[in-house]
Amino acid sequence: MTLPKRAAEVIEHHLGSELLAYHPETHHVFALGPIATRVWRACDGETQVRDLVQAMRAEGIAVDRGEIIDIVERLIHARMVVADAGQSVTGGSYTRRNVLAAGGALLGVIAVIAPTAAMAASCAPSGAICSSSSACCSGTCTGDLICL
Amino acid sequence: MFDVATVLEALESDLALYVGSAAREYAFIHAGVVGWGGAALVLPGRSMSGKTTLVMALVRRGAHYYSDEFAPLDEGGQVHAYARRPSLRESGMRHRVALPELGLDRPKPPLPVRWVAQLSYAPGASVTFARVHGARAALPLIENSVSIRQSPRRVLAAVSEVALGAQIIASARGDADATADALLRWMSKGEHRGAM
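Values in this document were obtained by computation on a predicted structure and should not be read as measured data.

Colleague: What is the right way to look at the interface of chain B and chain A in this model?
Modeller: Reports of interface size often rely on the accessible area that becomes lost once the parts have come together. Listed by partner, the interface residues are 28 residues for chain B and 31 residues for chain A. Taking both partners together, chain B and chain A bury about 2,700 Å²; carbon and sulfur atoms supply 67% of that area. On the chain B side of the contact with chain A, Arg46, Glu143 and Arg149 of chain B bury the most area, a combined 28% of that side's loss. Linking chain B with chain A are 0 salt bridges, by the criterion used here. Seen at the junction of chain B and chain A, the total is 2 residue pairs in polar contact (both at pLDDT 80 or more). Put simply, the parts of the chain that give the side of chain B that touches chain A at least two residues each are helix H1 (4-22), strand E8 (111-121), helix H3 (139-142) and helix H4 (152-165) of chain B. The leading source of residues in the side of chain B that touches chain A is H4 of chain B, at 8 residues. Looking at the side of chain B that touches chain A, its residues break down into 14 nonpolar, 9 polar and 5 charged.

Colleague: Would you mind showing me how to read the environment of Arg74 of chain A here?
Modeller: Looking at the secondary structure, you find Arg74 of chain A in helix H3 (residues 65-77). Along the primary structure Arg74 of chain A and Ala111 of chain A are separated by 37 residues, whereas in three dimensions their C-alpha atoms are 9.8 Å apart.

Colleague: It is not clear to me how the packing of helix H1 (residues 34-42) of chain A against helix H2 (residues 49-58) of chain A should be interpreted in this structure. Could you clarify?
Modeller: A packed helix pair is summarised by two numbers, namely the angle formed by the two axes and the spacing between the axes. Residue and element names in this part refer to chain A. As a packed pair, H1 and H2 sit with axes 11 Å apart at the nearest point and diverge in direction by 135°. With respect to H2, the element H1 is oriented oblique. Considering only the axes of H1 and H2, their crossing is right-handed. Contacts between H1 and H2 pair Ile35, Arg38, Val39 and Ala42 from the former with Leu52, Ala55 and Met56 from the latter. Split into classes, the residues belonging to the contact of H1 with H2 amount to 6 nonpolar, no polar and 1 charged.

Criteria and thresholds
- Residues numbered from 1 in each chain as written.
- Chains lettered and ligands numbered in written order.
- Predicted model: local features only at pLDDT ≥ 70, side-chain atom pairs only at ≥ 80, totals over all residues.
- Heavy atoms only, no water.
- Contact = heavy atoms within 4.5 Å.
- Buried area = accessible area lost by both parts, 1.4 Å probe.
- Salt bridge = Lys/Arg side-chain N within 4 Å of Asp/Glu carboxyl O.
- Polar contact = N/O pair within 3.5 Å; in protein donor to acceptor, adjacent residues only side chain to side chain.
- Helix = DSSP H or I, 4+ residues; strand = E, 2+ residues; numbered from the N terminus.
- Nonpolar A, V, L, I, M, F, W, Y, C, P; charged D, E, K, R; others polar.
- Axes fitted to C-alpha atoms, helices over the stretch in contact; angles between N-to-C directions.
- Parallel < 35°, antiparallel > 145°, perpendicular 65-115°, else oblique.
- Left-handed = near helix turned anticlockwise from the far one by under 90°.

Structure below.
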């Protein structure tokens, strides 16, 4: 499998071995940990997954193909990288909620929605999608990423 | 029949939001800010999250008032004062309080951000001082940015500086006075682990 290419419109800012990346159309902001950042940097539309796995192992980074593919699937769904048609190797059906889900933390991939000015000045009502409790009027963002 | 004070309050809030989203030199974060020992504590949070109450509790304990609404961050990650009278809610109505000890009549120097606490009110909760590290430490600030959609590069640069240099926690909190005491102990002693 060839890794997809980073979307040209994504704005990135590096923090050492980690990365913040913002998509100006979807308004997702991703915080990528060291492994996810390494995968991100390899997303050039040419590098093979197996080559990346070998390179990372040679650098002393314990990683398997499945982890890399899961990271890539999340990035594809969030349009942070551009995949060719049919490139989704797991047939993953990520929803917007999956992209924001806390499970991504294990992969070093965490996303939030960049708020509008009005959103940043107000709180989300019960039933709204959330990425942290502080965004909810109730003060509680459930495990399903819904404000109580 | 309009209540003039309420209309003016709403107008001021809308103008402040516009200024925050259109500012070209600063990344505006919706947050309370106090100074302590030559550095700043930033408390990002949405409206109704209790920022002003907590800021005032900290000020009563000796912290320096910088803002109860916005944290304007410059490109170096320093926070500037947003000098306006704190806005308190009582019986669903907002009103400004004029307190001479807040020092709003004189300029205040920008401060390096040494602490960020993203706190969600939960009755009876205690603050847990488990630090968030790396790129994810910038997310509490990004989630409360009023200008990231207009100026993403500036905001990412400013919050990254803060994420690299500050101790950042995300926790539930209980009553404002107990929380202020715990925060000041944390800031005075350095890094803590576990609930206080």
